[in-house]
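# An overview of the molecular structure
Chain by chain, the residues run as shown.
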Amino acid sequence: MAKAFSSLIVGAFGSQKALLGSLAKATPLLLVGLGTVIAFRAKIWNIGQEGQVLAGAMCAYWASLWIGPLPYLIAVAVLVLAGLAGGGVLGLLAGVLKTRFGTSEIISTVMLNYIVIFLLAYLLDGGPWMESGATVAYHQSPPVNAMLEWPTLFGQGAAKLHFGFILALGATALSALLLERTPLGYEIRAFGSNPTALRFRGTDISRLLLVVMLVSGALAGLAGAGELFGTSHRLRAETLLGIGSSGIVVAMVGGLRPSGAMLAALFFGALKSGAIYMRLQSGTPAGLVSAMEGLVLLFFLCAAVATRVHITVRSEAHA
Amino acid sequence: MLELFQGPLFISILAAMVRIATPLLFSAMGELVTQRAGIWNISVEGTMLLGAVVAYVIASSTGSPWLALLVAVLACALLSLILSFVTIVLKSEQFIAGLALNLLASGLTLFWFQTYIIGRDPPKFAGFEAVEIPYLSDIPVLGTVLFSQRVLTYVSFLLPLAVWFFLYRTRYGLEVRCVGENPKALDVKGLSVGGRQCLAIMFGSVMSGFGGAFLMLGYSDRFVPDLIAGRGWLVVVAIIAGNWMPFRVVGAIFIFALLEAIGIHAQVVGVSIPHHVFLVLPYVASLVLLAGLRSRTHQPVALGIPYRRE
């Protein structure tokens, strides 16, 4: 066990290469985490991040198939937009189900996860995106057009940082600005703490809900597109599944703040990157990481309550 | 497509539907009691998975499916204590706690699977055998569909009656419903709100344990990490679509079970539609059901709201 954990740490921070790997793993977690922060601050419980990540990657992949010869930067911009759109539309769909039919977003987003997973399975296994000529079904697409791969910032091979990292940092700043400095951000926070008051103020609650679901899904979709065109270069469910649930944990542990989500994403990114090394060194399987995420979330719930109790005790002492 | 609804194949579909409905019925009746006590527990999926894993480990190592069932159910009862602590004692957001348990269960399962099963010959296990009820199983059609099933299936069919009787005809059932509607009233009378919620959560987990264990021992021939495949969520959908009333919940369960049964048989018969279409049907149906059946009149008023004394 000690060997497993020491190789976990070496694999996460032991070298420049390891550090780059950790940052690369943190990139999608941060994007999904930010989307979750925005939704959860409004107490809109979007937990369809798994499906939204897949939808973003699928939409970007689809765009890459029909995209013509475009200047490189414009082509990448189209893929970014396609990723945002894929995740955003899926989030919006759950939002519409809520505003039109009153369906709980907790349930609808999870059901949409399964629907998207099966859609992708169909497309890659017997559907139009299956690698042609493959005798065994690997459940993956052919490699994406090499001309459309996202630019690399540092490193190469398994430990490289693609430009999605810059997008994630930019999204962190924008999310913080949105939540703290804009009228929409005020409405989001107010909807989370006192929806009745917001209703009396005359805010269009349905519109707010749809916008939040759109933005939340879009950020998750961008994470999926980035993983596809920056890291894996093949559309494959296994490389994308798990990012969504990690992103939710990142948002919670980050205290539902963009800055906190950034720190949490770095931590869990390091955990994931270290886990790959750990697996090579000590043979400890990577499933341990997702179990640890669940445990961290549970401990975090307990710790959050402990601090809340502490605060109330202190404020009572002052009063 | 039409050949699915003729003769022996149709009977086979109905028999499969009954078998598929069994784990869903267990979990749904348990979760219904939990929710009527005001606890919005979304960890059904993870609890069923724990039940299935434990059942598999015990059944393959001891060879006794009944011992496996017992241990699986005990494990799920223990797991429920975590949820009770976080939701009743700490009064945290209930759905986050459920989410954490789901993550924990799927992560630990994957860890265990990668460590002990993958790349090796998976241990064999003996599941539950079908028990034909004398005389009744000789009735044409109905005999095959209803009376040549596993013992737990017969139990699961009596369960909705038992839960209905408990909730609407016993004093304790009334108190449990009161916890979900107006916990203060119960507290004022000096009755423990937390105690009843804790027992309701445990009952729900135990029933999900039965569901998960049956799925393993009465339905599957091998273990895969995504064995539950969203059934725990369909159970929650069935409760909402069934407006928190036992027999309507059963109705929704049978819709899901029928769709899955048709899907399995369509694959065997070789219908020209991609089999993914059939796999996805229950999830699409769940959204349609939720959008169509919008009556929430029996939703417990205090569902998901932690009870605090003022």
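Structure: see above.
This structure is a prediction, so every number in the text was calculated from the model and none was measured.

What follows covers the layout of surface pockets. Considered as a void within the structure, the second largest pocket measures approximately 1,400 Å³ in volume. Lining the second largest pocket are 44 residues, with Lys-43 and Trp-45 of chain A together with Glu-93, Phe-95 and Gly-304 of chain B positioned closest to its centre. Every element with two or more residues in the lining of the second largest pocket is listed here: helix H2 (16-41), helix H5 (105-124), helix H7 (183-193), helix H8 (195-200) and helix H13 (287-318) of chain A together with helix H4 (94-117) of chain B. Here the lining of the second largest pocket takes 6 residues from H13 of chain A, the largest share from any one element. When grouped by side-chain class, the residues that make up the lining of the second largest pocket number 23 nonpolar, 11 polar and 10 charged.

Before going further, it helps to examine the packing of helix H4 (residues 72-101) of chain A against helix H9 (residues 205-232) of chain A. All names here are of chain A. Two numbers describe how H4 lies on H9: the axes approach to 6 Å, and their chain directions differ by 145 degrees. H9 is crossed by H4, and the crossing has right-handed handedness. Looking at the contact of H4 with H9 residue by residue, the class counts come to 16 nonpolar, 9 polar and 1 charged.

This next bit is on empty space enclosed by the protein. All names here are of chain A. This model, assessed by the stated rule, comprises 2 cavities of 30 Å³ or more. Volume-wise, the largest cavity comes out at about 40 Å³. Broken down by secondary-structure element, the contributors of at least two residues to the lining of the largest cavity are H2, helix H6 (164-181) and H9. By residue number, the principal contributor to the lining of the largest cavity is H9, which donates 4 residues. Residue composition of the lining of the largest cavity, by class: 6 nonpolar, 4 polar and 1 charged.

Criteria and thresholds
Residues numbered from 1 in each chain as written. Chains lettered and ligands numbered in written order. Predicted model: local features only at pLDDT ≥ 70, side-chain atom pairs only at ≥ 80, totals over all residues. Heavy atoms only, no water. 1 Å grid on protein atoms, 1.4 Å probe; cavity = no way out; pocket = protein on both sides within 12 Å on 5 of 7 lines; lining within 4 Å. Points joined across faces, edges and corners; volume = space filled by probe spheres on them. Helix = DSSP H or I, 4+ residues; strand = E, 2+ residues; numbered from the N terminus. Nonpolar A, V, L, I, M, F, W, Y, C, P; charged D, E, K, R; others polar. Axes fitted to C-alpha atoms, helices over the stretch in contact; angles between N-to-C directions. Left-handed = near helix turned anticlockwise from the far one by under 90°.

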